[in-house]
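The residues making up each chain are set out below.
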Amino acid sequence: MSGIASPGSKMPRSILFMCGMNAIRSPMAEALAKAALPKGTYVASAGVRQGERDPFVDVVLDEIGLSIGRHQPRTLEELEDDYFDVIVTLAPEAHHKALELTRSMAVDVVYWPTPDPTVATGTRDQIVGAYRAVRDHLAGLIASRIAGREKVG
């Protein structure tokens, strides 16, 4: 799939990452995108439903020197801004909702299927490993499809 900011196209100035509860995938993508994209790019995240903050997100972001700060999960209705150049959905439920909401808007909706790490079982290390895999998956997509560079490392 081509990038969001493909050759000849402009870098989006505002991006919304959406998932089910804005607890894991979308806040992780928001933190990664803020670190990778130019400072003037507005990046936000939201969920379809209300969620609870997940401490494993802090663990795997801290490993790479990032943080979601005081982020608290929020729904689309709680967003301060409601116009974005691009909405990146990370779960089927979020994708359907984004398409429904943007039917009459000139907004690109892009679907990046991203596994839910909460289904991981086993030891703490195995569970954290599932969160790391999601982090690395999202970092690679952001680098190659938005920031316009290949994944490093």
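In this text, all values refer to a predicted model and were calculated from it rather than measured experimentally. (Residues numbered from 1 in each chain as written. Predicted model: local features only at pLDDT ≥ 70, side-chain atom pairs only at ≥ 80, totals over all residues. Heavy atoms only, no water.)

1. Concerning the packing of helix α1 (residues 25-36) against helix α4 (residues 124-146)
Argument step 1. At a minimum axis distance of 9 Å, the contact between α1 and α4 shows a crossing angle of 45 degrees. Here α1 is positioned oblique relative to α4, judged by the angle of their axes. α1 and α4 meet at a crossing whose hand is right-handed. Between α1, through Arg-25, Met-28, Ala-29, Leu-32, Ala-33 and Ala-36, and α4, the contact on the second element is made entirely by Tyr-131, Val-134, Arg-135, Leu-138, Ala-139 and Ile-142.
Argument step 2. Of the residues in the contact of α1 with α4, the class split is 10 nonpolar, no polar and two charged. (Axes fitted to C-alpha atoms, helices over the stretch in contact; angles between N-to-C directions. Helix = DSSP H or I, 4+ residues; strand = E, 2+ residues; numbered from the N terminus. Parallel < 35°, antiparallel > 145°, perpendicular 65-115°, else oblique. Left-handed = near helix turned anticlockwise from the far one by under 90°. Contact = heavy atoms within 4.5 Å. Nonpolar A, V, L, I, M, F, W, Y, C, P; charged D, E, K, R; others polar.)

2. Overview of the UniProt feature "domain: Phosphotyrosine protein phosphatase I" (unreviewed entry) in the protein
Argument step 1. As annotated in UniProt, the feature "domain: Phosphotyrosine protein phosphatase I" (unreviewed entry) corresponds to residues 13-144 in the numbering used here.
Argument step 2. For residues 13-144, helix accounts for 39% and strand for 15%, while the C-alpha atoms at its two ends are 17 Å apart. (UniProt positions renumbered as here; feature names shortened; annotations may be inferred.)

3. Points about helix α3 (residues 92-101)
Argument step 1. Where α3 is concerned, the buried positions are Ala-94, His-95 and Ala-98. The arc that holds the buried residues of α3, viewed along the axis, is 100 degrees, so those residues lie on one side.
Argument step 2. For α3, the secondary structure elements touched by its buried residues are β1 (14-19), β3 (86-89) and β4 (108-111). (Buried < 20%, exposed > 50% of the residue type's maximum accessible area, 1.4 Å probe, protein only. Arc of directions from axis to C-beta.)

4. Looking at the sheet that holds β4
Argument step 1. Ordered in space as β2-β1-β3-β4, the four strands form an open sheet in which the pairing is parallel. Each edge of the open sheet is held by one strand with a lone partner, namely β2 (42-47) and β4. Direction aside, the axes of adjacent strands within the sheet are offset by 20 degrees on average.
Argument step 2. Sheet topology places β1 next to β3; four bridges connect them, and they run parallel. In the strand pairing of β3, Leu-16 is matched with Ile-87.
Argument step 3. Relative to the sheet, α3 contacts β1, β3 and β4, its axis offset from that of β4 by approximately 165 degrees. (Pairing = 2+ DSSP bridges.)

5. Digging into unusual backbone geometry
Argument step 1. Phi angles above zero are rare outside glycine, and Asn-22 is one such case at about 55 degrees.
Argument step 2. Structurally, the position occupied by Asn-22 is in the loop between β1 and α1.

6. Considerations on the packing of aromatic side chains
Argument step 1. Overall, the coordinates contain three aromatic pairs when judged by the stated rule.
Argument step 2. Seen in terms of ring centroids, Tyr-42 and Phe-84 are 5.9 Å apart; in terms of plane orientation they differ by 20 degrees. Their pairing is stacked. With Tyr-42 in strand β2 and Phe-84 in the loop between α2 (55-62) and β3, this residue pair connects regions lying 42 residues apart in the sequence.
Argument step 3. Judged by its relative accessible area of 36%, Tyr-42 is partly exposed. (Phe/Tyr/Trp six-rings, centres within 6.5 Å; stacked < 30°, edge-to-face > 60°.)

7. Points about the environment of Ala-36
Argument step 1. Here Ala-36 shows up in helix α1.
Argument step 2. Accessibility expressed as a relative area gives 23% for Ala-36, which makes it partly exposed.
Argument step 3. A C-alpha to C-alpha distance of 26 Å links Ala-36 and Gly-51, two positions 15 residues apart in sequence.

8. Quick look at the pattern of salt bridges
Argument step 1. On inspection of all chains with the given rule, the structure shows eight salt bridges.
Argument step 2. For the salt bridge of Glu-30 with Arg-74, the shortest nitrogen-to-oxygen distance reads 4.0 Å. Placement of Glu-30 in helix α1 and of Arg-74 in the loop between α2 and β3 is noted, with a sequence separation of 44 residues between them.
Argument step 3. Counted as one network, the salt bridges with shared partners bring together Glu-63, Arg-132, Arg-135 and Asp-136. (Salt bridge = Lys/Arg side-chain N within 4 Å of Asp/Glu carboxyl O.)

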